[in-house]
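If you want the building blocks of each chain, they are given just below.
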Amino acid sequence: MKENAVNPLRLTSLNHVSLLCRSLEESVIFYQKVLGFFPVRRPESFDFEGAWLFGHGIGIHLLRSTEPEKLPKKTAINPKDNHISFQCESMAAVGKKLDEMEVEYVREIVEGRGIKVDQLFFHDPDGFMIEICNCDSLPVVPLPIVGGLAQYCARVKLHQMGQPQPQTN
């Protein structure tokens, strides 16, 4: 395999996210009804309880926790906590649907450089955070590579930046 400095592991996409659950049944219902995932077959050789779901180009693998009492409890919704984010077509439709389903959420708005991104954050039944956003309006701008490390946004003049070049050693 030829070395590739930009993609050394030759990754192609996100395959799945695996989550521990207190109640497999409750989590399956949540991911189906709220997020539109559907169940798919798991390998028959697995000797532990779980469910595989698929939707939106990725999998969610739900695993029944062997020690559910040790899983973290739901806390306040904190947009700066670990989460997975999904792009949507209509933030208004998402907010309306979450209201109808009585799912508690927090709304955030990110604005800057003439761009506005709306975000809704909520928990699954086990407290794992989910974000729904219209982040496609946010451009992905590569940072310049200096000394093998990307420079932080606050230290970069974006209008002077070109495409980053792979480092060769």
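Just above sits the structure.
The structure displayed is predicted, hence computed values, not measured ones. (Residues numbered from 1 in each chain as written. Predicted model: local features only at pLDDT ≥ 70, side-chain atom pairs only at ≥ 80, totals over all residues. Heavy atoms only, no water.)

## Some points on the overall build of the protein
Item 1. Broken down by element type, the protein carries two helices and 10 strands.
Item 2. Looking at the protein as a whole, 31% of its 169 residues qualify as buried.
Item 3. Entry remark: accessible area of the protein is about 12,100 Å², with carbon and sulfur atoms responsible for 54%. (Helix = DSSP H or I, 4+ residues; strand = E, 2+ residues; numbered from the N terminus. Buried < 20%, exposed > 50% of the residue type's maximum accessible area, 1.4 Å probe, protein only. Areas by Shrake-Rupley, 256 points an atom, 1.4 Å probe, with all protein chains shown as cover.)

## Some thoughts on the sheet that holds strand β8 (residues 129–133)
Item 1. On the basis of which strands lie adjacent, the open sheet formed by four strands has the order β5-β8-β7-β6 and mixed pairing. Two strands close off the open sheet at either side, each with one partner strand: β5 (83–87) and β6 (106–112). Along the sheet, successive strands turn relative to each other by an average axial angle of 25°, direction set aside.
Item 2. Pairing of β5 with β8 involves five bridges; the strand directions are parallel. Each bridged residue has a counterpart across the sheet, and for His-83 the counterpart in β8 is Met-129.
Item 3. Against the sheet, helix α2 (residues 91–100) makes contact with β7 (115–123) and β8, and its axis sits at roughly 20° relative to β7, the strand it touches most. (Pairing = 2+ DSSP bridges. Axes fitted to C-alpha atoms, helices over the stretch in contact; angles between N-to-C directions. Contact = heavy atoms within 4.5 Å.)

## Some remarks on a nonpolar patch on the surface
Item 1. A cluster of nonpolar side chains, namely Phe-38, Val-40 and Phe-54, defines an oily patch on the protein surface of about 240 Å² accessible area.
Item 2. Within the secondary structure, Phe-38 sits in strand β2 (residues 38–40). (Patch = residues over 30% accessible without salt bridge, like charges linked within 9 Å, V, L, I, M, F, W, Y side chains within 5 Å. Salt bridge = Lys/Arg side-chain N within 4 Å of Asp/Glu carboxyl O.)

## Some thoughts on the side chain of Asn-134
Item 1. Residue position: Asn-134 is located in the loop between β8 and β9 (145–146).
Item 2. The class of Asn-134 is buried, set by a relative accessible area of 18%.
Item 3. One polar contact links the side chain of Asn-134 to the main-chain amide nitrogen of Asp-118, over a distance of 2.7 Å.
Item 4. In contact with Asn-134, not counting residues within four places along its chain, are Gln-87, Met-91, Lys-116, Val-117 and Asp-118. (Polar contact = N/O pair within 3.5 Å; in protein donor to acceptor, adjacent residues only side chain to side chain.)

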